[in-house]
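For reference, the chains in residue letters:
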Amino acid sequence: MAMLFKGLAMRDMIAIVASMLTMTVVSAREVTPSVKAEKQAPAEAGVRLQSLKDLTIAALRARHYGSTLRILADLATGPNARVYAERFFGGGPGPYSSVLASYQSDGLRLYARLDVPHAPPPPGGYPVIVFLHGWVGYEAAKDFHFSYTPDSMYAEMIDAYAKAGFVVVTPGYRGHGTVNGQVAGGRASMAAWDNATHIAPILYAIDSLNLIDGLSSIKMLNFQDYGRHSGTVSLNLKRLYVSGHSQGGDVALTVLAVAGHGSKVVNRPRAGSIMSGTFPDRFTQVETFRPMAESSEAFLAGDGTWTGSARGRDGTVNPNFVFGWPSDSIETPDPREWTWQKGQYGEASVRDVVVAGYSEMYRSLSQNVSDLGDANFSILEGVKPKGYKINHDPRVASMIQDLGGFYAERFISARVALHFSDRDYYSLPRWNYDLCARIARRGGYCKPHEYIGGTHTLRLSSHGWFSPAGSHEPYAIIIKRDLALFR
């Protein structure tokens, strides 16, 4: 560089440097929509927002919530009843009743699964766990089965909670589930926000809070026709807990922040368990999840080998490194052994994947937020260390830390347990430790639990490079720790 500038006047050096840095402004209108046209139904609640301010933690804490539950169907007589009973009840009658009920949120008719123990309640009523499930996706959501299948990853957990004497409430968020032939409301809302904006979990938190503040209506329901000797169910809402996995962990963290002391929420969770939580700020989610799933540059070292770090065997450092552990579904992280992996991971750069993610984010924001109709971002090329820099619309950037619960530790008054793997890019260890430390500094309770070799689904991988010898499967350990936390 010194030789390049040698003998040049200052104005010439400035011109050369300027030529190395190029700025590209990306308008949301230039981006090809990734949501199919038939999904656009603008009249439905939850699609168009006046401002992102309406979804900030402060705004959500100022809202009132509530709903009324009504039983719609008995899962014990449904299509999965026999196989579910064989898996969890030995083929006989179960120790709890499982029904599907309706509730309301933002004017939408939504569904929830209720599991109610047959054993008499303790003094004061049954304790309650609200279980918040992970990402399902737009296409699959209308067929969401509320984990009432023996092969669902959540079925064993819900069963364990119910057998331990808890009423378990599993909300289907907006757009999730079909009961008696009627699809849950909110499909258009999902189409608008279940994307790179990562706004959907905030809307799902609103749904969950409406359900939580409607739980007192359970006492009006008659469960006698659903396998219980007693028709009425008494809840102890002072022993209310939330448990969430993956995207449901993002939902749970938002719920805990909104429902902390001083909010308008009536039924405040006493503790929360978050498993493999995908809860960092929305920009960090864009710059982590898709790059790790689509670009080998995100997890390979600077020399193109896999070392689990940015530094290669020859000492070269990858400036666009994100995290050292891809999903175990890649089968092998060693590029020398790749066949099909080359097509999925080998072509896109981290920069291109990040830009595509932000393009989708800004398209959705400009289409669906009234005061962001002209929102855009720009890309400054040639900036070290990554070779590019994203310049965000200041109206969007100013809101990011106020969306979701990750930076809302000052509002969290419930006890929190964070469960995460040391090698899950959807819930990086540093995010979990950072959140717990900030909650603790505020005088709160947060316990981090790290599991060596665990997968995102709380199990162990069949691949030794991912789950080394001596690794312990997190799933059963988490259930045991949750039941202790919720006592």
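Residues numbered from 1 in each chain as written. Predicted model: local features only at pLDDT ≥ 70, side-chain atom pairs only at ≥ 80, totals over all residues. Heavy atoms only, no water.

Student: What am I meant to see in the packing of aromatic side chains here?
Tutor: Remark: the centre distance and the inter-plane angle together describe each pair of aromatic rings, the angle taken between the planes. On inspection of all chains with the given rule, the structure shows 28 aromatic pairs. On the numbers, 6.0 Å between centres and 55 degrees between planes, the contact of Tyr-358 with Phe-377 is tilted. Residue Tyr-358 is found in helix H13 (residues 350–368), and its partner Phe-377 is found in strand S11 (residues 376–381); the two are separated by 19 residues along the sequence. Neither residue differs from the other here; Tyr-358 and Phe-377 are each classed as buried. Over the ring of Trp-325 we find Arg-423, and its NZ or CZ is 4.0 Å from the ring centre. Above the ring of Tyr-475, the side-chain terminus of Arg-459 is found at 3.8 Å from the ring centroid. (Phe/Tyr/Trp six-rings, centres within 6.5 Å; stacked < 30°, edge-to-face > 60°. Helix = DSSP H or I, 4+ residues; strand = E, 2+ residues; numbered from the N terminus. Buried < 20%, exposed > 50% of the residue type's maximum accessible area, 1.4 Å probe, protein only. Lys NZ or Arg CZ within 6 Å of the ring centre and 35° of its normal.)

Student: Teacher, can you tell me more about unusual backbone geometry here?
Tutor: Between Lys-384 and Pro-385 the backbone carries a cis peptide bond, its omega angle lying at 5 degrees. Its location among the elements puts Pro-385 in the loop between S11 and strand S12 (388–391). Of note in the backbone geometry, Ser-276 takes a positive phi value of approximately 50 degrees without being a glycine. On the secondary structure map, Ser-276 appears in the loop between strand S10 (271–275) and helix H10 (282–286). Assessed through its relative accessible area of 2%, Ser-276 is described here as buried.

Student: What should I look at first to understand the packing of helix H6 (residues 155–163) against helix H16 (residues 474–485) in this one?
Tutor: Axis angle and axis distance: for two packed helices, these are the angle between their axes and the distance between the axes, and together they describe the pair. For the pair H6 and H16, the least separation of the axes is 11 Å and the interaxial angle reads 30 degrees. On the basis of the axis angle, H6 is roughly parallel to H16. Relative to H16, the crossing made by H6 is right-handed. Residues Ala-155, Glu-156, Met-157, Ala-160 and Tyr-161 of H6 lie in contact with H16, whose contacting residues are Tyr-475, Ile-479, Asp-482 and Leu-483. (Axes fitted to C-alpha atoms, helices over the stretch in contact; angles between N-to-C directions. Parallel < 35°, antiparallel > 145°, perpendicular 65-115°, else oblique. Left-handed = near helix turned anticlockwise from the far one by under 90°. Contact = heavy atoms within 4.5 Å.)

Student: I would appreciate a short explanation of the pattern of salt bridges in the present structure.
Tutor: Close approach of charged atoms lets side chains of opposite charge pair. Under the defined criterion, the tally for this structure stands at 19 salt bridges. Ionic pairing is found between Glu-473 and Arg-459, a salt bridge with its closest N-O pair at 2.9 Å. A residue pair is termed long-range when its members are at least 10 positions apart, and Glu-473 in the loop between strand S14 (446–451) and H16 and Arg-459 in the loop between S14 and H16 qualify at 14 residues. Given a relative accessible area of 34%, Glu-473 falls into the partly exposed group. We classify Arg-459 as partly exposed; its relative accessible area is 27%. Members of the salt-bridge network, linked through shared partners, are Arg-63, Asp-106, Arg-174 and Asp-207. (Salt bridge = Lys/Arg side-chain N within 4 Å of Asp/Glu carboxyl O.)

Student: Is there a simple way to think about the sheet that holds strand S13 (residues 415–421) in this case?
Tutor: For sheets, the rule is that strands pair by backbone hydrogen bonds, running either parallel or antiparallel. One open sheet holds the nine strands; their spatial order is S2-S3-S4-S6-S5-S9-S10-S13-S14, and the pairing between them is mixed. Of all the strands in the sheet, the pair left with one neighbour each is strand S2 (70–74) and S14. The sheet shows a mean angle of 25 degrees between the axes of neighbouring strands, taken without regard to direction. Of the pairings in the sheet, the one linking strand S9 (residues 235–245) to S10 comprises five bridges and is parallel in character. Each residue of the ladder has a partner; that of Ser-243, found in S10, is Ser-273. Running over the sheet, helix H9 (residues 247–258) touches strand S5 (126–132), S9, S10 and S13 and is turned about 140 degrees from S9. (Pairing = 2+ DSSP bridges.)

Student: For this particular structure, what's the right way to read helix H4 (residues 81–88)?
Tutor: An α-helical turn contains 3.6 residues, so a residue and the one three or four places further along point in the same direction. All of the buried residues along H4 are Ala-81, Tyr-84, Ala-85 and Phe-88. Buried residues of H4 fall within an arc of 100 degrees about the axis and therefore sit on the same side. Looking at the buried positions of H4, the neighbouring elements they touch are strand S3 (96–105), strand S4 (108–117) and H6. Positive phi appears at Gly-90, one or two residues downstream of H4, with a value of about 65 degrees. (Arc of directions from axis to C-beta.)

Student: Is there a simple way to think about the confidence of the model for the protein in this case?
Tutor: Do not read the fine detail of predicted coordinates wherever pLDDT is low. Per-chain confidence: the protein averages 93 in pLDDT, with 92% of residues scoring 70 or above. Every residue in residues 10–20 is under pLDDT 50, and counting partners more than four places away or in other chains gives 10 contacts. When the criterion is pLDDT under 50, residues 28–42 qualifies, and its contacts beyond four places in sequence or with other chains add up to 24 contacts. (pLDDT = per-residue confidence, 0-100.)

Student: Is there a simple way to explain the pairing of S9 in this structure?
Tutor: Side chains on a regular strand alternate between the two faces of the sheet. Taking burial as the measure, the 11 residues of S9 include 10 buried ones, the bulk of the element. Relative to S9, S5 runs parallel, the two being bridged by six bridges. Across the sheet, the residue bridging to Val-130 is Val-242, located in S9. Chirality of the crossover, the property in question, places the unit of S9, H9 and S10 among those that are right-handed. (Right-handed = clockwise from strand over helix to strand, strands pointing away.)

Student: How should I be thinking about empty space enclosed by the protein in this particular structure?
Tutor: By rolling a water-sized probe across the atoms, one finds the places where empty space is left. Summed over the entire model, instances satisfying the criterion amount to four cavities of 30 Å³ or more. Estimates place the volume of the largest cavity at around 50 Å³. Class assignment for the residues of the lining of the largest cavity results in seven nonpolar, one polar and one charged. (1 Å grid on protein atoms, 1.4 Å probe; cavity = no way out; pocket = protein on both sides within 12 Å on 5 of 7 lines; lining within 4 Å. Points joined across faces, edges and corners; volume = space filled by probe spheres on them. Nonpolar A, V, L, I, M, F, W, Y, C, P; charged D, E, K, R; others polar.)

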